[in-house]
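As a plain string of letters, each chain reads:
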Amino acid sequence: MDKAILFGLYDFVNFHICKSLLNKGVEVIGVHLEEPDNQSFLEEKRFEVGRNANLLEQSIFEWESLQEKDENDTCLIISIFDLFMSKKEHILQDKKVTKRMIEYLAGSKNVNNTVFILPIQILTKTFKGNEIEEFLSLIKGLGKKTQFIYLPAVYGPWQSSAFLFQKVMVSKYQEINITNDEREWTDDALFINDALESILEIIEKGKSGSYLLESGRNNYWSSCADYLNITENLVSKNRAESLLLNSDIKTIAVKKVTPLMKSIQEQLEQVQRLYANRL
């Protein structure tokens, strides 16, 4: 892979994928699906990446105008997981967005791999996400290879405020409504760095297929919640349903589970840096 195109550059999981790819020397084009000024802590994220010649930020319109110049072995990465947790999946019904993706995949000879990062909730019988399902039906099969990577809850620095862990941490610095979003999966959780290792390994192997990442620990989301002293009355268990798995979906336990003392502390320290100065 010479180049990666990430849709939603500064979203939680995608942002970490971007940083990891840049560290490996991969050229990254970050395509904004909405105005980047709407992103929280935009300048802080840009500062964290630093000036990197391998990173190019573009709007969806700018990206379209440069497509014909793309001659590198390219991987397309779309984090529907981030859109789902931020309740922004309606973007996938915007024809200005989908039309450009479809035309690019249908016409480009250089896209070797299309990667969808998806919420585990899609694999439950109660999932209601017409926007996501319609988008996937439109774009499936257009690339040479397609990978579907399903994630449970993910935590770590830059976690979205849609997640209960982030809400609890931020509540120390500002008044915030602490509730467990009905979309949050509460049966398993992955530290972002542990998830990244497996995500990048799957992408680099380039083998088409569906992959479900897990911690390999029983009730690991609850273990994280206990570490943060989150009481049961704040937790909705309706996001820990049975999964509809078939033989096509390969379950992968992450190679490393970073101890809670270290992983959660990283997120706590970052929240402190971001919010303490705003008191």
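Let me sum up the structure you'll find in this document. These figures come from a predicted structure and were not determined experimentally. (Residues numbered from 1 in each chain as written. Predicted model: local features only at pLDDT ≥ 70, side-chain atom pairs only at ≥ 80, totals over all residues. Heavy atoms only, no water.)

## Here's the deal with the packing of helix 1 (residues 12-23) against helix 8 (residues 192-205)
Right, on to step 1. At their nearest, the axes of helix 1 and helix 8 sit 10 Å apart, and the two run at 65 degrees to each other. In this structure, helix 1 crosses over helix 8, and the sense of that crossing is right-handed. Across from Phe12, Val13, His16, Ile17, Ser20 and Leu21 in helix 1, the residues of helix 8 making contact are Ile192, Leu196, Ile199 and Leu200.
Right, on to step 2. Here the contact of helix 1 with helix 8 is composed, by residue class, of eight nonpolar, two polar and no charged. (Axes fitted to C-alpha atoms, helices over the stretch in contact; angles between N-to-C directions. Helix = DSSP H or I, 4+ residues; strand = E, 2+ residues; numbered from the N terminus. Left-handed = near helix turned anticlockwise from the far one by under 90°. Contact = heavy atoms within 4.5 Å. Nonpolar A, V, L, I, M, F, W, Y, C, P; charged D, E, K, R; others polar.)

## Some words on the pattern of salt bridges
Right, on to step 1. One pass over the structure, following the stated rule, counts 13 salt bridges.
Right, on to step 2. Lys24 serves as the salt-bridge partner of Glu204, at 3.6 Å between the closest nitrogen and oxygen. Linking Glu204 in helix 8 with Lys24 in the loop between helix 1 and strand 2 (27-32), this pair joins segments that are 180 residues apart in sequence.
Right, on to step 3. Here Glu89 ties to Arg183 by a salt bridge, and the two come within 2.8 Å at their closest N and O atoms. (Salt bridge = Lys/Arg side-chain N within 4 Å of Asp/Glu carboxyl O.)

## Points about the packing of helix 9 (residues 220-227) against helix 10 (residues 260-275)
Between two packed helices, the angle of one axis relative to the other and the distance separating the axes together describe the packing.
Right, on to step 1. Axis separation between helix 9 and helix 10 bottoms out at 11 Å; the angle between their running directions is 65 degrees. It follows from the interaxial angle that helix 9 and helix 10 lie roughly perpendicular. Once helix 9 is placed against helix 10, the crossing between them reads as right-handed. For the pair helix 9 and helix 10, contact is made by Tyr220, Ser223, Cys224 and Tyr227 and by Leu260, Met261 and Ile264, respectively.
Right, on to step 2. Looking at the contact of helix 9 with helix 10 residue by residue, the classes come out as six nonpolar, one polar and no charged. (Parallel < 35°, antiparallel > 145°, perpendicular 65-115°, else oblique.)

## Focus on the pairing of strand 4 (residues 74-79)
Right, on to step 1. The element strand 4 is largely enclosed, with a buried count of six among its six residues.
Right, on to step 2. In strand 4, alternate side chains face the same way, and those of Thr74, Leu76 and Ile78 on one face and Cys75, Ile77 and Ser79 on the other are all buried.
Right, on to step 3. By the bridge criterion, five bridges tie strand 1 (residues 3-7) to strand 4 in an arrangement that is parallel. Across the sheet, the residue bridging to Phe7 is Ile78, located in strand 4. (Buried < 20%, exposed > 50% of the residue type's maximum accessible area, 1.4 Å probe, protein only. Pairing = 2+ DSSP bridges.)

## Thoughts on the environment of Thr98
Right, on to step 1. Assignment of secondary structure puts Thr98 in helix 5 (residues 95-107).
Right, on to step 2. The class of Thr98 is buried, set by a relative accessible area of 7%.
Right, on to step 3. Taking C-alpha positions, Thr98 is 10 Å from Leu33, a pair spaced 65 residues apart along the chain.
Right, on to step 4. Beyond its immediate sequence surroundings of up to four residues, Thr98 is in contact with Leu92 and Phe135.

## Some remarks on the side chain of Glu184
Right, on to step 1. With respect to the helices and strands, Glu184 occurs in the loop between helix 7 (164-170) and strand 8 (189-191).
Right, on to step 2. There is no salt bridge for the buried Glu184, and the closest opposite charge comes from Lys167, which lies 6.4 Å off by N-O distance.
Right, on to step 3. A polar side-chain atom of Glu184 sits 3.0 Å from a polar atom in the side chain of Trp221. (Lys, Arg positive; Asp, Glu negative; His and termini not counted. Polar contact = N/O pair within 3.5 Å; in protein donor to acceptor, adjacent residues only side chain to side chain.)

## Observations regarding helix 9
Structural remark: α-helix, 3.6 residues per turn; residues separated by three or four positions point the same way.
Right, on to step 1. Of all the positions in helix 9, only Tyr220, Trp221, Ser222, Cys224 and Ala225 are classed as buried.
Right, on to step 2. Looking at the buried side of helix 9, the elements it contacts are strand 7 (153-155), helix 7, strand 8 and helix 10.
Right, on to step 3. Just beyond helix 9, the residue with positive phi is Asn229, at close to 60 degrees.

## Observations regarding unusual backbone geometry
Right, on to step 1. Non-glycine residue Trp158 carries a positive phi angle of around 75 degrees.
Right, on to step 2. Positionally, Trp158 belongs in the loop between strand 7 and helix 7.
Right, on to step 3. Classification of Trp158 as buried rests on a relative accessible area of 8%.
Right, on to step 4. If you check the backbone angles, Asn229 has positive phi at about 60 degrees while not being a glycine.
Right, on to step 5. Along the chain, Asn229 falls in the loop between helix 9 and strand 10 (249-253).

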